[in-house]
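Below are the chains, spelled out letter by letter.
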Amino acid sequence: MKYFAPFRLDVSGHSLWCGDARVPLTRKAVEILRVLVEHAGHVVSKDALLGAVWPDTYVHPDNVKVLVGEIRRALGDDPVRPQYIRSIVKRGYIFIAPVVEAPTDLPVPAAPPIFVGRDAEMELLLTAFDAAAASNRRVVFVNGEGGIGKTSLCEAFLRAAATRHAMRAAWANCAKVSGPSEPYAPIVEILNRLGRSVDDDSIRTVLAKHAPSWLPRLPQIAGDGWRAPIGAAHVVPASRMLREIVTAIEAIAEQSLLVLWIEDIHWADPATIEIINTLGQRPDRAKLLILATSRPPDATPSAGALRRAQADLSAHAGATHIRLQPFTQQDVDQYLDERFGEEISSRASTILYRATHGNPLFLATAVAHLVRRGHITAGDNGWRLEISPEALDATIPASFATAVTRELDELAPDERAAIAAASVIGVEFSLWMTAQAANTNELTLEPVLEALARRDRFITREGVIELANGMFSPLYRFKHGLFQEIVFDRSDAAARANAHLRAGLATERLFQGREQEVACDLACYFHGAGDHARAARYFRLAADNARKRYTPQEATALLHGAVAHAAHLPAEERHRVEMPLLIELGQAQLASGDAPLAIETFARVVRRAEDERRPNDRIRALLALSEAQAGISQSESLTLARQISEAASLATDETLAASAAVTAGITELTFDGWSDAIADRCFDIWRALPRTGTDDYRSLAIRLLFLQVWRSAYGHAWTTGRRLLPSALRSGNLSDSIHCYYLLGLAALHLGRWGDAIDVAAEGAAIGDKSGRTHYAVSMRLLQAWIALEGQRWDEARRLSLVDRALIDGFVGCTYPLQMSLVIGGASALGQGRLDDAERDLWRLRDWYNRERLVLDWFWKAQLHMYLSELAMKRGDLEGAAREAELAQGEATRMPERTWRGRVHVAAAQVAIERDAFADAERHLRQARRETRGIEAPLASWRIEAVTATLLERTAQHDSARRARMRYERTFTRLEQSIDEHHLDSLGGRGALAEIIH
């Protein structure tokens, strides 16, 4: 007889029993169950099951799947959250419940939890469930204090929901960790559970099609035969990860109603919360219900992200918020009445309600305490209260923590030691990891944990988990997160530190060579152990992961931890480790948008580097400080550039010295006006530098893209930028990545590669938004506005130029976005025929230029006067138009970019034609052709041909005019062909392009 609570399997009698009742099950199903039970804890393949049940007979393998389904129904086993049989994709099945030879005195299994006091909340959940079944996606937040019954409500809801509609469900728990949570951990857990809940490849197929970037995170689903597509990037932008997983989850929801339950979402990482927010807001119909439980999020790392998501979703009809309240006196009456009967309810209800304040978990714990102490007993006539109400009032613990502490004191020493070690691992813990933390072997520890789980004391058995080495280990879970917190806090501090150290060392061995995958866990373990060297190392590694995901706030928090641990290292090691960490911390603070704090951090490094005579660290800090000051103070940035230029000769690293000199030169060009001599010097330094694969070399190459674009080498900038972008993305350097995106967008725009320009600008804007760097996101959206302007999509250009205007007006010291917004806003208003709006923007910028010198004003002034000339022409002021055209030509002599010098001459030619000064117009057109000769400049060349055609028509040279117009149309056709079908919606379709051409 085999026993797995509460069932007995009679092998000889081919029958399954639950108590005194025989469970209906076919003989073949019993045989399948027998084989699985006899090999409990080990994977049994379908072939092995077929051979054991149908020897020497061919039977279709799907029969096994059918019989396993029959067994699961008989056991009441949920394939998504199994207690008995788990599917292992591509491998078979494993029986995961503990199995023993059935003794004669089996314990009576505990009664299922009683569900009371939540009728209204249950109705809200079932209403949302029915709506999701009708393809109206829903998101439900269940909020409440710890122990208030969120998990019990969700479990009861899923049991009730299963009787209404067929569904596929998966759940995940967000664990509390020291520091930021592991990115996407709940989503990865949900996908793994979904993959295990089916016996086919449907989940893997959907992910391979819609979310290939996620498969490397899901080796259990991907399988040994999966390979990344050829040419796939090593580091995937967070925007793509978000887009892919949202598409994949919706595709899974197309096959059947999908319920995703995420517990304790207040501990989730911001990326997971963004996925839920995006899924909830999408308007497409989907059979999808997301159920998220949380405590009040005010004190959690992701509190801000969660509040924003809840606020965003509250604006949609598909979001529901349920706030659980404590039990009322009537609820406590009902609970006691249903569990024990009227006598206990009438005598103890008021006392228990007052002692537990209606908290369901406190109530259940207090009642269990009274039963174990023999104060409530079962007799022939039902349950009895063995003490007086007065004594009962004195017996009930004053608080939940006191009750749990008393329960802990009642455990055997080996049981207390076992769950104390488990509390170091987390709410969910494996036997293997707990044994490592407890410094014991699994054979000794397993009976202790199994006994606790069978008695329903503190922990429950969750099945098995596959470890990184491919082995399986039993998996357990604290019954509530509060249990884990109380056990952890009550444990001896020295014992906790030793357990953390052993768990960290074991994880380090298990993931040898792949430590980056579990850097957060390792950082937390060694932080708890007080191992400063390892903690600093893994906090820094985890921060590197966060940077690569463009979550700078998370990287900042992790680097603070690394710096704190580095301060405790021996002096020599501290000097070597601490300063690079501080530079990285400042860069993370800058990427988070906290420029003043970043400036303070960099200035601190500069002072220390000077004191300790570390020239390389001083130069790196000065470079970072200059970048931070660039958005705040033009004069301070120029001062720093001169300091960097002087310090470059002291660097011992050749690449760093070159980077310092070139960056200083570009800063001067940006803030102090264009200089061919400075630009030539920068290129000379670059050409003399040996090629390396260092971060400094890549950053320098990206900065030089500015010079290539300004000198009209668009093709070279495009080719070089495409080569550098993957490296920048892999590094997680937000500044490098955004600069590369921006310059690639400019190059593509000037080359006439509109489709590529649209893609690049959208990706850059997404990364800017994801990282929280407002300046970067705004600049990329203004680049999108510029692309729309050149495509003559006036409405779109105007909208994008204004969308962030209020925000831009509040930028302190950062003038570039506002200049760009005013120029593009004014030019697009001209295209719309809104002359007053155009005049307001363009004259605002002109007045600003009259008051002060701004960043890159030598670039924008030529365009400003060019558009003012057009405005004057549209108002009929030809003299004013001529003056503005002349000013534009004067400003163009100060800029190196030939496309814009050519376009300024085209604008002057247009004014000359309107004034009937045809000779002047022809002269300006010849100058425009000279400026653009030898470069690919379709943004200028199509305008040259268009104005040439107008001049020829006005001078009655119709055949020549026709040929000029054909050249103009060929150029525009090439622009049209640069946009594939993917981009047509954003450009207004081929009809709009045809209208532009003709």
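Let us look at the structure shown here. (Residues numbered from 1 in each chain as written. Predicted model: local features only at pLDDT ≥ 70, side-chain atom pairs only at ≥ 80, totals over all residues. Heavy atoms only, no water.)

**Overview of unusual backbone geometry**
This is how the line gets drawn: For the purposes of this entry, the term helix denotes a DSSP run of H or I that reaches at least four residues, the term strand denotes a run of E that reaches at least two, and both are numbered from the N terminus. Relative accessible area decides the class of each residue, using a 1.4 Å probe on protein chains only: under 20% of the type maximum gives buried, over 50% gives exposed, and in between gives partly exposed.
One non-glycine residue, Arg613, lies in positive phi territory at about 55°. Tracing the chain through its elements places Arg613 in the loop between helix 26 (595-611) and helix 27 (615-630). What makes Arg613 exposed here is its relative accessible area of 73%. One non-glycine residue, Leu856, lies in positive phi territory at about 55°. Looking at where Leu856 falls in the secondary structure, it is placed in the loop between helix 39 (835-851) and helix 40 (857-874). Note on Leu856: relative accessible area 8%, which makes it buried.

**Quick word on the sheet that holds strand 17 (residues 459-466)**
The following threshold applies: Two strands are counted as paired when DSSP detects at least two bridges linking them. Only the stretch in contact is used when fitting a helix axis, every axis being a line fitted to C-alpha atoms; angles between N-to-C directions are given from 0 to 180 degrees. The contact criterion used is simple: two residues touch if any of their non-hydrogen atoms lie within 4.5 Å.
Strand order across the open sheet formed by 3 strands is 16-18-17, with antiparallel pairing between neighbours. Sheet topology places strand 16 (428-430) and strand 17 at the edges, where each strand pairs with a single neighbour. Strand-to-strand, the axes of this sheet are offset by a mean angle of 30°, without reference to chain direction. Relative to strand 18 (residues 472-478), strand 16 runs antiparallel, the two sharing 3 bridges. Looking across to strand 18, one finds that Ser430 is bridged to Leu475. Sheet strands touched by helix 19 (residues 442-454): strand 16, strand 17 and strand 18. Its angle to strand 17, the strand with the most contacts, is close to 135°.

**So, the pairing of strand 12 (residues 288-294)**
Applicable threshold: A crossover counts as right-handed when, viewed with the strands pointing away from the observer, the path leading from the first strand over the helix to the second turns clockwise.
Burial analysis of strand 12 places 7 of its 7 residues in the buried class, which makes it a mostly covered element. The alternating pattern of strand 12 places Leu288, Ile290, Ala292 and Ser294 and Leu289, Leu291 and Thr293 on opposite faces, both of which are buried. Bridge count between strand 9 (residues 138-143) and strand 12: 6 bridges; the pairing is parallel. Considered in strand 12, the bridge of Asn143 is made with Ser294. Pairing analysis gives 5 bridges linking strand 11 (residues 258-263) to strand 12, with the strands arranged parallel. The partner of Val259 across the bridge, within strand 12, is Leu289. Following the chain from strand 11 across helix 10 (residues 270-281) to the adjacent parallel strand 12, one finds a crossover that is right-handed.

Shape descriptors only; they carry no functional weight alone.
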